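For reference, the chains in residue letters:
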Amino acid sequence: MSEIREKTTQGLRAGDTFTVSRRFSEEDMTAFAHITRDYNPIHFDSRFSDAKGFKSRICHGLLVGSILTEIGGQIGWLASVMNFRFRRPVYFDETITCRFTITDIDERRRARAEAVYSNSEGHIVLEAELEGILPNKSERKILGVMVAEGDPTNIVWQKKTQPSTTSD
């Protein structure tokens, strides 16, 4: 089971931290561009990125920012606020790590969190402040049942638990 989902079923607390890493390919960027219709030449044309002073074309900032939605989705976090601060460009196939920390939870399960994204050199590339609603006790119970059923809607978990196959 997803470590994040397991922790959620037990109950989350301020200070809980989750980390995921991801690399974005040119294909990921193109798919994101098609969905969002963001065809800024900084992502597609090296002449434009060179003129902006970048070493090459860059990933969409919101594509990189979306890493936190993997964590939020595993938690069942219902987002109400997301504020991003883009610090450095992210280039294709660069490994980015998102460290998501719950900073406050009130009695109505309203929560605040911060996310810090860094590249493999340890440079912060993005920071985010978040607000949302955490699953209540009955919703956590449903998550527990889903997990007991093999968590069929959780493709992240499904990919991690499927046996790898090799062909001769």
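Provided above is the structure to which this section pertains.
Residues numbered from 1 in each chain as written. Predicted model: local features only at pLDDT ≥ 70, side-chain atom pairs only at ≥ 80, totals over all residues. Heavy atoms only, no water.

Let's talk about the overall build of the protein
Across its full length, the protein holds 8 helices and 5 strands. Listed N to C, the secondary structure of the protein is α-β-α-α-α-α-α-β-β-β-β-α-α in terms of helices and strands. The principal-axis extents of the C-alpha atoms in the protein amount to approximately 55 × 50 × 30 Å. Classification of the 168 residues of the protein by burial places 35% in the buried group. (Helix = DSSP H or I, 4+ residues; strand = E, 2+ residues; numbered from the N terminus. Buried < 20%, exposed > 50% of the residue type's maximum accessible area, 1.4 Å probe, protein only.)

Topic: the side chain of Thr101
Positionally, Thr101 belongs in strand S3 (residues 95-105). In terms of polar contacts, Thr101 uses its side chain to reach the side chain of Thr17, at 3.1 Å. Beyond its immediate chain neighbours, meaning those up to four positions away, Thr101 contacts Gly15, Asp16, Thr17, Arg112, Ala113 and Glu114. (Polar contact = N/O pair within 3.5 Å; in protein donor to acceptor, adjacent residues only side chain to side chain. Contact = heavy atoms within 4.5 Å.)

Some words on the sheet that holds strand S4 (residues 110-119)
If you trace the 5 strands from one edge of the open sheet to the other, you get S1-S3-S4-S5-S2, paired in antiparallel fashion. One side of each edge strand has no neighbouring strand; the edge strands of this open sheet are strand S1 (17-23) and strand S2 (78-86). Ignoring which end each strand starts from, the neighbouring axes of this sheet average 20° apart. One ladder, built from 9 bridges, connects S4 with strand S5 (residues 124-133); its direction is antiparallel. The residue bridging Val116 from the neighbouring strand is Glu127, located in S5. The strands that helix H6 (residues 67-75) touches are S1, S2, S3, S4 and S5; relative to S3, the one it contacts most, it runs at about 45°. (Pairing = 2+ DSSP bridges. Axes fitted to C-alpha atoms, helices over the stretch in contact; angles between N-to-C directions.)

Things to note about the pattern of salt bridges
Following the criterion strictly, the structure yields 8 salt bridges and no others. Of the charged contacts in the structure, one is a salt bridge between Glu131 and Arg112, with a shortest N-O distance of 3.9 Å. Residue Glu131 is located in strand S5, and its partner Arg112 is located in strand S4; the two are separated by 19 residues in the primary sequence. Salt bridges sharing partners connect three or more residues here, namely Arg85, Arg87, Glu127 and Glu129. (Salt bridge = Lys/Arg side-chain N within 4 Å of Asp/Glu carboxyl O.)

Here we look at the pairing of S5
Taken together, the 8 bridges between S2 and S5 define a ladder with antiparallel strand orientation. Within S5, the residue paired with Phe86 across the bridge is Leu126. From the end of S4 to the start of S5, which pair antiparallel, there are 4 residues, and Gly122 there has a positive phi angle of about 85°.

Thoughts on the packing of helix H1 (residues 3-10) against helix H7 (residues 137-148)
Pairs of packed helices are described in terms of their axes, by the angle between the two and the distance that separates them. Look at H1 against H7: their axes get within 8 Å of each other, and the N-to-C directions meet at 140°. Compared by their axis directions, H1 and H7 come out oblique. Remark: the crossing between H1 and H7 carries left-handed chirality. Along its contact with H1, which presents Arg5, Thr8, Thr9 and Gln10, the element H7 presents Arg140, Leu143, Gly144, Met146 and Val147. Classifying every residue of the contact of H1 with H7 by side-chain character gives 3 nonpolar, 4 polar and 2 charged. (Parallel < 35°, antiparallel > 145°, perpendicular 65-115°, else oblique. Left-handed = near helix turned anticlockwise from the far one by under 90°. Nonpolar A, V, L, I, M, F, W, Y, C, P; charged D, E, K, R; others polar.)

A look at the environment of His43
Tracing the chain through its elements places His43 in helix H3 (residues 41-44). The class of His43 is buried, set by a relative accessible area of 5%. As a C-alpha pair, His43 and Phe92 span 49 residues in sequence and 9.7 Å in three-dimensional space. When sequence neighbours within four positions are dropped, the list of residues in contact with His43 reads Met29, Asp38, Arg57, Ile58, Cys59, His60 and Phe92.

Some remarks on the nonpolar core
Counting residues in hydrophobic clusters, the biggest one holds 30 residues, and the most contacted among them are Ile75, Phe100 and Tyr117. Of all the secondary-structure elements, those providing two or more residues to this core are S1, helix H2 (26-36), helix H5 (61-65), H6, S3, S4 and S5. (Core = buried A, V, L, I, M, F, W, Y, C linked by side-chain atoms within 4.5 Å.)

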